[in-house]
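Remarks on the overall topology
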Amino acid sequence: MPAQLSDPITMVVKRAGDVRIHTFVASFEDDNIANATHIVESRSGLVLIDAQFLAPYARQFRDYADGLGKPIERLYVSHRHPDHWFGLGTAFGDVPVYALAETATFIKDHGEDSRNDHWKLGNLAPDTVVVPQELVKPGEDIVGGVTYLFEEVTDTEIDAMLTVKLPELGVQFVQDLVYSGTHLYLTSHLRKWSRVLRDMLLSDYELFLPGHGLPADKNEVARNIEYLDAAGQAIASGRTGEAFKDFMLRRYPERKCPGIFDIYLPRLFGGASDY
Ligand SMILES: [Zn+2]
């Protein structure tokens, strides 16, 4: 971890009527993985998507939200990987946190194990674990006058991923279904994942807000499909571990955040713990 973390990128991604969408992206440098979190700002308040990973970014994301001068009505956690919920314990312990039942149960049962597993982060990790208190089910809801469609996508980058659609805006928060401009965190579900992205290309949505990297269009979704398919072929041809990593780095030199290989390779090829 670098001594000095670089500043995040913050932007207003889209505006439609009273609604503004904001995106906050942590560093792409060194061991960082460009965690992207988002805010839907309506006239009355804010809905946040994910909580950041490292403590300084979680605090800056909270400061950015507070700077908008409206209450945080809800925070949705997309899935159980720690880079999406560690920041709850740092900066969002006082807001209503929503998640899929699988995600909330995992954080309740294994959140402390995960925190202990990340001891090397030192004070970049949260001091406490905040478990989502509210469960979200697939379906429709209206918050702050904005229509939300919640979906559960199974067996892709994770066993259970919450995605959030705003049909009136043509925006979908896809979180880790899309890695925008960065290397993907791969799992054994490459074919299923690729099919989910192909459906996304045929949808009416045009702006896809990822869990890593900058806001994405359909071209980036298509590049993710190509990446997944190439990875599947490399594995089918017998590449594992470092040989697989070398192959992917050579094939995609333009993608950032290669640190993610060292996080997932022991799990994909070595049976390491899932925390
Ligand atoms: Zn992630």
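Look a little higher up for the structure.
Reference entry: report on the structure contained in this document. Given the structure is predicted, the values throughout are model-derived calculations rather than measurements.

Digging into the sheet that holds strand 7 (residues 134–135)
Backbone hydrogen bonds are what pair the strands of a sheet, in a parallel or an antiparallel way. An order of 1-2-3-4-5-6-7 is seen for the seven strands of this open sheet, with the pairing classed as mixed. Only two strands of the sheet have a single neighbouring strand rather than two, namely strand 1 (9–16) and strand 7. Strand direction decides the pairing type here: strand 2 (residues 19–25) and strand 3 (residues 36–41), joined by six bridges, are antiparallel. Of the residues in strand 3, the one forming a bridge with Phe24 is Thr37.

Some words on the nonpolar core
In terms of nonpolar packing, the biggest core is built from 37 residues, with Leu177, Leu186, Trp193, Leu197, Met200, Phe244 and Tyr264 touching the most fellow members. Counting only elements with at least two residues in this core, the list comes to strand 11 (171–180), helix 4 (190–201), helix 5 (218–236), helix 6 (241–251) and helix 7 (259–268). With seven residues, helix 5 is the single largest residue contributor to this core. With residues up to four places along the chain from it excluded, the contact list for Trp193 reads Asp155, Thr156, Glu157, Asp176, Leu177, Tyr179, Leu184, Tyr185, Leu186, Thr187 and Leu228. Counting 30 residues, the second largest nonpolar core, distinct from the first, contains Leu5, Ile39, Leu88 and Val130.

Thoughts on the sheet that holds strand 8 (residues 139–143)
Reading across the sheet, the five strands line up as 8-9-10-11-12 and stay open at both edges, with mixed pairing between neighbours. Looking along the sheet, the strands with just one partner apiece sit at the ends: strand 8 and strand 12 (207–213). Mean inter-strand twist for the sheet, computed between neighbouring axes without regard to direction, equals 35°. The pairing of strand 11 with strand 12 spans six bridges and is classified as parallel. When the sheet's bridge partners are listed, Gln175 is paired in strand 12 with Pro210.

What counts and how
- Residues numbered from 1 in each chain as written.
- Predicted model: local features only at pLDDT ≥ 70, side-chain atom pairs only at ≥ 80, totals over all residues.
- Heavy atoms only, no water.
- Pairing = 2+ DSSP bridges.
- Helix = DSSP H or I, 4+ residues; strand = E, 2+ residues; numbered from the N terminus.
- Core = buried A, V, L, I, M, F, W, Y, C linked by side-chain atoms within 4.5 Å.
- Buried < 20%, exposed > 50% of the residue type's maximum accessible area, 1.4 Å probe, protein only.
- Contact = heavy atoms within 4.5 Å.
- Axes fitted to C-alpha atoms, helices over the stretch in contact; angles between N-to-C directions.

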